[in-house]
Amino acid sequence: MSKAKMKRTLISVLKYITLILGGFISVLPIVVCVITAFKTPEEYASTNVMTLPKNWFYFENFIQAWSQANMGVAFRNSIIILVFVLAGSILTGSMLAYVLSRFKFKGNGFIRNLFLFASLLPGIAMQVSVYQIMYSLGWINFLPGYIIMMCGTDIISIYIFIQFFENIPDSLDESAIMDGCTYFGVFFRILFPLLKPAIVTVMILKGVSVYNEYYTANLYLQDKNRLVTVATSLFKFTGPLGNQYNYICAGVIITMVPALIVFILCQKQIYGGLAAGAVKG
Amino acid sequence: MNEKRSFKAWVTSGKVNRRLCIFTFMFVPVTLLLVFTYIPFFKMIGFSFYDMKYIGEKEFVGLKNYMEVFTREDCFQALKLSLYYIVASFVQLALALYFASVLSFKIKGSGVFKGLMFFPYLVCGIAVGFIFKFFYTRGFVLDTVLQWCGFNLEQLPYWLKDTSINNISVAATSVWRYMGQGMVMFIGAIMSVDASLYEAGDIDGANSFQKFIYIILPSIKTIIVLNMILSITGSLSVFEPPYVITGGDFGTGTYFVIMNKLAHESQKVGLASAMAIVLLILIMIATMIQKWVEKYYFGVGDAEPLREIRKRKKRLEAKGGTR
């Protein structure tokens, strides 16, 4: 019996060791960044990267990074993009999902397949020719154009909405129609308010990807003085500033703060949203 | 006045209202889909037969671009790099599965560990790039940690320049970033397993390893296999890690990194389009195999897996072919 008990403790010790190791590896690269972001240039030049800074209240690097990378403008633009893209894609996505899940009509399956096939096309590859379209529309360096493009490239949220609609009983719509409600009324007055959990899920999944999007932002918002986003603001550090890691790390930490806050506040929803998105594939 | 009301009545009457609703609700998303996915897609097919830049004249060259994709050293070499990422994504799945099954049981501090391992997923790609450029720099983070473990700095390679190891370094960062996401997904799947199965296991005296093999694995095998296949298509189209960490230098340029360079730096739009189409065909093939596997082994929705149906047929035939 004591042997079995020993074995069990050994296993749980091993479990904790792997967990600690996993946690350590996950945070180490970030923690080192935090350490470096608080070092004075002399400290940065003279001490090992793992040495803790002498003064944890040395914010000069953050101030430098903020102004050099134009982060005030970057945050403003990112917030504008986030608000409009989320509003746009939630509205259009849920409307489309409503039509596809509630009405049987010719072409329903065809449209579903159009969206399904579109999800197979790798986004990066498509930008080769999307760029040409954006160019001929005159939407390079045009924030509303970028926002519209970002609304259009979303398939996962439509599927989350469809899945959600299929769990709301049809009888709800039917009784509303009986009471003289139009189909528009059914959607806006009855179903849309019920969608809240799905909307939260989509906001999180889509929000993370929009906030972090830098490839298309870099491609279509090239005017870096006016149209920089939080993700692209970091590009400032690629040129001659390429090895001033005390500034770079400060910049990286600044971009991470909003993500960290959202993560701490909505941990449950984020986990739930990911699990829900995964079940659908 | 009278006419207006009748118009309103006409609009709100069942059939018309229904059509109107279908049309207006679909108009915007379908237009966006056409403009930003299908028109570019067909244009890209067109581009791939031309020698062209974004602006200026174009010249029809037939299949020359496609020939070039298969003969150019850099394009084809880049496809081989996918192997590194396939291996990396399998490692990532295995780690995610391990941590998910450990964290699904009662364990102290599981919330903290889960949070720590998940957070990298929320860091933006370009920031990940900087973090790891810093992490791998000679004499910096990784080297320091390894020196603590007793390695000599002289023996350590240049993680991002040494061509024998740099692809592994870069692929490892994507494991770092996405492992937590996979883990959270698997925890979700494990949690949806009927809890009474675990209780039954406890009564029968199963240890956690046995519970993993006999309860967890069979219940979530569908999602595991699907993720394995998805990771193959994902590995073909790897872009971010090399793009942000090495910029594709020192032999780390994956297929899409090369394609991006050709399209937006050298402006060889035709060739880049041909590359995209070739990869797309590869992804289609992989997806078709995936769909077939799904149908054959797991069944789609409520449908029975084909394999079961076939097995039953065989059994029936063996019995003498009676229905």
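Note that the coordinates shown come from a computational prediction; the quantities given were computed from them, not determined experimentally.

A.B. asks: How would you summarise the side chain of Asn212(A) if you had to cite specific residues and measurements?
C.D. replies: If you trace the backbone, Asn212(A) turns up in helix H11 (residues 196-212). For Asn212(A), a relative accessible area of 6% corresponds to the buried category. Look past the residues within four positions of Asn212(A) in its chain and what remains in contact with it is Ala231(A), Leu122(B), Val123(B), Cys124(B), Gly125(B) and Arg177(B).

A.B. asks: If you had to explain the interface of chain A and chain B to someone new, which residues and values would you point to?
C.D. replies: Residue-level contacts link 86 residues of chain A with 85 residues of chain B. Counting the surface lost from both chain A and chain B, the interface buries some 7,900 Å², and carbon and sulfur atoms represent 81% of this. The largest share of the area that chain A buries against chain B comes from Leu19(A), Val128(A) and Tyr214(A), three residues that together contribute 9% of it. Counting every contact that joins chain A to chain B gives zero salt bridges. Remark: the boundary between chain A and chain B carries eleven residue pairs in polar contact (both at pLDDT 80 or more). It is helix H1 (residues 2-37) of chain A that provides the largest number of residues to the side of chain A that touches chain B, a total of 16 residues.

A.B. asks: Which residues make up the nonpolar core, and what values do they have?
C.D. replies: In terms of nonpolar packing, the biggest core is built from 71 residues, with Val252(A), Phe118(B), Ile126(B) and Val141(B) touching the most fellow members. With eleven residues, helix H14 (residues 245-265) of chain A is the largest single contributor of residues to this core. Every residue in contact with Ile126(B), bar those within four places of it in the chain, is listed here: Tyr214(A), Ala231(A), Leu234(A), Phe235(A) and Val244(B). Counting 58 residues, the second-largest nonpolar core is a separate cluster that includes Tyr131(A), Phe36(B), Val69(B) and Ile277(B).

A.B. asks: Describe the packing of aromatic side chains, with residues and values.
C.D. replies: Taken as a whole and judged by the stated rule, the model has 43 aromatic pairs over all chains. On the basis of an interplanar angle of 80° and a centroid distance of 5.4 Å, the ring pair of Phe135(B) and Tyr136(B) is categorised as edge-to-face. There is no split in this pair, since Phe135(B) and Tyr136(B) are both buried. Taken together, Tyr98(A), Phe103(A), Phe165(A), Tyr183(A), Phe184(A), Phe187(A), Phe188(A), Phe192(A) and Phe25(B) form an aromatic cluster joined through their ring pairs. Over the aromatic face of Tyr271(A) sits the side chain of Lys114(B), whose NZ or CZ is 4.1 Å from the ring centroid.

A.B. asks: Pulling in residues and values, what's your account of the domain arrangement of chain A?
C.D. replies: Domain annotation for chain A reports domain 1 (2-58) and domain 2 (71-231 + 256-280). Here domain 1 of chain A and domain 2 of chain A have C-alpha centroids that lie 37 Å from each other.

A.B. asks: Mind laying out the packing of helix H4 (residues 73-104) of chain B against helix H8 (residues 166-191) of chain B, listing which residues take part and the relevant values?
C.D. replies: Residues and elements named next belong to chain B. Closest axis-to-axis distance for the H4/H8 pair is 6 Å, and the angle between their directions is 35°. Where H4 crosses over H8, the two elements pack in a sense that is right-handed. Classifying every residue of the contact of H4 with H8 gives 22 nonpolar, six polar and no charged.

A.B. asks: Explain the domain arrangement of chain B to me, and be specific about the residues and the numbers.
C.D. replies: Accessible area lost during the coming together of the parts is what is often quoted as the interface size. All names here are of chain B. Here chain B is described as being made up of domain 1 (2-47) and domain 2 (72-319). On a C-alpha basis, the centroid separation for the pair domain 1 and domain 2 is 39 Å. At the interface, four residues of domain 1 touch six residues of domain 2. Of the roughly 390 Å² buried between domain 1 and domain 2 on both sides combined, carbon and sulfur atoms contribute 84%. The three residues of domain 1 that bury the most area against domain 2 are Phe-41, Met-44 and Phe-47, which together make up 89% of that side's buried surface. Across the contact surface, domain 1 and domain 2 share zero salt bridges. Between the two partners, domain 1 and domain 2, sit zero residue pairs in polar contact (both at pLDDT 80 or more). Residues that form the side of domain 1 that touches domain 2 fall into these classes: four nonpolar, no polar and no charged.

A.B. asks: Outline the state of the cysteines, listing residues and values.
C.D. replies: Structurally, a disulfide amounts to a covalent bond that connects the sulfur atoms of two cysteines. The final tally for this structure, using the stated rule, is zero disulfides over all chains. Among the cysteines around Cys151(A), which has no disulfide bond, Cys21(B) carries the closest sulfur, lying 20 Å off. What makes Cys151(A) buried here is its relative accessible area of 12%. Counting only cysteine sulfurs, Cys33(A) is the nearest neighbor of Cys249(A), a cysteine outside any disulfide, at a range of 3.4 Å.

A.B. asks: I'd like a rundown of unusual backbone geometry, residues and numbers included.
C.D. replies: Keep in mind that most residues, glycine aside, have a negative phi and that most peptide bonds are trans. Residue and element names in this part refer to chain A. A positive phi angle, near 60°, is found at Asn-70, a position not held by glycine. As for its position among the elements, Asn-70 is in the loop between helix H3 (60-68) and helix H4 (71-102). Phi angles above zero are rare outside glycine, and Asn-141 is one such case at about 65°. Relative to the helices and strands, Asn-141 is located in the loop between helix H6 (123-137) and helix H7 (143-152). Its relative accessible area of 27% is what places Asn-141 among the partly exposed residues.

A.B. asks: How would you sum up the environment of Ser119(A)? Please name residues and give values.
C.D. replies: All names here are of chain A. Its place among the elements puts Ser-119 in the loop between helix H5 (108-118) and H6. For Ser-119, a relative accessible area of 42% translates into the label partly exposed. With 36 residues separating them in the primary sequence, Ser-119 and Ile-155 have C-alpha atoms 6.3 Å apart.

A.B. asks: If you had to explain the packing of helix H9 (residues 170-178) of chain A against helix H10 (residues 183-194) of chain A to someone new, which residues and values would you point to?
C.D. replies: Residues and elements named next belong to chain A. The N-to-C vectors of H9 and H10 enclose an angle of 140°; their axes lie 10 Å apart at closest approach. The angle between the axes of H9 and H10 places the two elements in the oblique class. As H9 runs across H10, the sense of the crossing is right-handed. Contacts from Leu-172, Asp-173, Ala-176 and Ile-177 in H9 reach Tyr-183, Val-186, Ile-190, Leu-191 and Leu-194 in H10.

A.B. asks: Mind laying out the confidence of the model for chain B, listing which residues take part and the relevant values?
C.D. replies: For chain B, per-residue confidence averages 81 on the pLDDT scale, and 93% of positions sit at 70 or higher. At the low end of the mean pLDDT range in chain B sits helix H1 (residues 2-12) of chain B, at 63; at the high end sits helix H5 (residues 110-118) of chain B, at 88.

A.B. asks: Would you mind going over the pattern of salt bridges in detail, with residue names and values included?
C.D. replies: Counted according to the given criterion, the structure contains seven salt bridges over all chains. A salt bridge links Asp173(A) to Arg102(A), with the shortest nitrogen-to-oxygen separation between them at 2.7 Å. You can see Asp173(A) sitting in helix H9 and its partner Arg102(A) sitting in helix H4, a full 71 residues away along the chain. Just as Asp173(A) is buried, Arg102(A) falls in that class too. Between Arg177(B) and Glu240(B) there is a salt bridge, with the nearest N and O atoms lying 2.6 Å from each other. Of this pair, Arg177(B) sits in helix H8 while Glu240(B) sits in helix H11 (residues 240-245); the two residues are 63 residues apart in sequence, bridging distant segments of the chain. The class for Arg177(B) is buried, based on a relative accessible area of 8%.

Rules behind the numbers
- Residues numbered from 1 in each chain as written.
- Chains lettered and ligands numbered in written order.
- Predicted model: local features only at pLDDT ≥ 70, side-chain atom pairs only at ≥ 80, totals over all residues.
- Heavy atoms only, no water.
- Helix = DSSP H or I, 4+ residues; strand = E, 2+ residues; numbered from the N terminus.
- Buried < 20%, exposed > 50% of the residue type's maximum accessible area, 1.4 Å probe, protein only.
- Contact = heavy atoms within 4.5 Å.
- Buried area = accessible area lost by both parts, 1.4 Å probe.
- Salt bridge = Lys/Arg side-chain N within 4 Å of Asp/Glu carboxyl O.
- Polar contact = N/O pair within 3.5 Å; in protein donor to acceptor, adjacent residues only side chain to side chain.
- Core = buried A, V, L, I, M, F, W, Y, C linked by side-chain atoms within 4.5 Å.
- Phe/Tyr/Trp six-rings, centres within 6.5 Å; stacked < 30°, edge-to-face > 60°.
- Lys NZ or Arg CZ within 6 Å of the ring centre and 35° of its normal.
- Domains from an automatic or database assignment.
- Axes fitted to C-alpha atoms, helices over the stretch in contact; angles between N-to-C directions.
- Left-handed = near helix turned anticlockwise from the far one by under 90°.
- Nonpolar A, V, L, I, M, F, W, Y, C, P; charged D, E, K, R; others polar.
- Disulfide = S-S within 2.5 Å.
- Parallel < 35°, antiparallel > 145°, perpendicular 65-115°, else oblique.
- pLDDT = per-residue confidence, 0-100.

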